[in-house]
Structure formats: structure tokens, C-alpha cells
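# Notes for the structure review
This is what each chain is made of:
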Amino acid sequence: QVQLVESGGGLVQPGGSLRLSCTASRSIFSFDAMGWYRQAPGKQREVVATRTKAGSTNYGDSVKGRFTISRDIVKNTVYLQMDSLKPEDTAVYYCNALLLSRVVPVSESNYWGQGTQVTVSS
């Protein structure tokens, strides 16, 4: 079983910054894509940032220009740098890894971290 261990969540004031970390139990080269999702109370889970194996990135509209996804191959870790945080960024943030099965029938396997709480409040 793939394990994704998250850290870095906490309480921060509006305008502040946090960096979330997600360390995988296997080489991150193994995954076709990795990313961050979040879910606020009463709302659906939404994409925050993703990165494919090829290096393309995608950001949710609400975080573009403020959040950055990156990786450290040596540490086997994916990061989410969050700047200019707003109260509406308050949510549980989840690390995700995607594996595509290339054996018929083709399918997707998603792995999730335990989630880390980010609270933006004064």
C-alpha cells in the first residue's frame, strides 16, 4: 500500500504563508501525477494544484498566483507553498498520487494522504 505522509498545516493569519509537505513511501517518479486537493466544511473537495510526470502543472482558479507546487526528488517529497493566504483558504488539505494501469482494462488508482488542517484566521 502506498503511503503519503503530510505535514505543515496549522494556524496562520491572513496574508501569511505556509508550506505543506507530502512524503511518499515510494519514489515519486512512480506516479503519473501528484497534487494537492482541499475540502472546506460544507463544500466539495476541489483541486488546488497538480503536477504530471511530464512536468505540466495545473492550479485551481482561486489559488493561481498565490500557491506553487514543487518537488524534491532526493527527499521524495512534494510541496505546496501557500502565500498570501486568505480566510477562504481554510480547509483540510490532502496530498494525492495517481497511478495509471497500463494493463487491460486500463484504470486509475488514486492514493491519498491523511489530510492536514490549514486554518487562516486573525
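All figures in this text were calculated on a predicted structure; none of them were measured in a lab.

## Some remarks on the packing of aromatic side chains
- The final tally for this structure, using the stated rule, is two aromatic pairs.
- Relative to Trp112, the ring of Tyr37 lies with its centre 5.2 Å away and its plane at 65°, an arrangement referred to as edge-to-face. Of this pair, Tyr37 sits in strand E4 (residues 33-39) while Trp112 is found in strand E10 (residues 107-112), placing the two residues 75 residues apart along the sequence.
- On the basis of relative accessibility, which here comes to 35%, the residue Trp112 falls in the partly exposed class.
- What links up through ring pairs into an aromatic cluster is the set Tyr37, Tyr94 and Trp112.
- Of note, Arg45 hangs over the ring of Tyr94, and the distance from its end group to the ring centre comes to 4.0 Å.

## Quick look at the sheet that holds strand E1 (residues 4-7)
- Ordered in space as E1-E3-E8-E7, the four strands form an open sheet in which the pairing is antiparallel. Two strands lie at the open edges of the sheet, namely E1 and strand E7 (67-72), each paired on one side alone. Averaged over all adjacent pairs, the angle separating strand axes in this sheet is 20°, with direction ignored.
- Inspection of the sheet shows strand E3 (residues 18-24) paired to strand E8 (residues 77-82) by six bridges, in the antiparallel sense. Opposite Ser21, over in E8, you have Tyr79 as the bridge partner.

What counts as what
- Residues numbered from 1 in each chain as written.
- Predicted model: local features only at pLDDT ≥ 70, side-chain atom pairs only at ≥ 80, totals over all residues.
- Heavy atoms only, no water.
- Phe/Tyr/Trp six-rings, centres within 6.5 Å; stacked < 30°, edge-to-face > 60°.
- Helix = DSSP H or I, 4+ residues; strand = E, 2+ residues; numbered from the N terminus.
- Buried < 20%, exposed > 50% of the residue type's maximum accessible area, 1.4 Å probe, protein only.
- Lys NZ or Arg CZ within 6 Å of the ring centre and 35° of its normal.
- Pairing = 2+ DSSP bridges.
- Axes fitted to C-alpha atoms, helices over the stretch in contact; angles between N-to-C directions.

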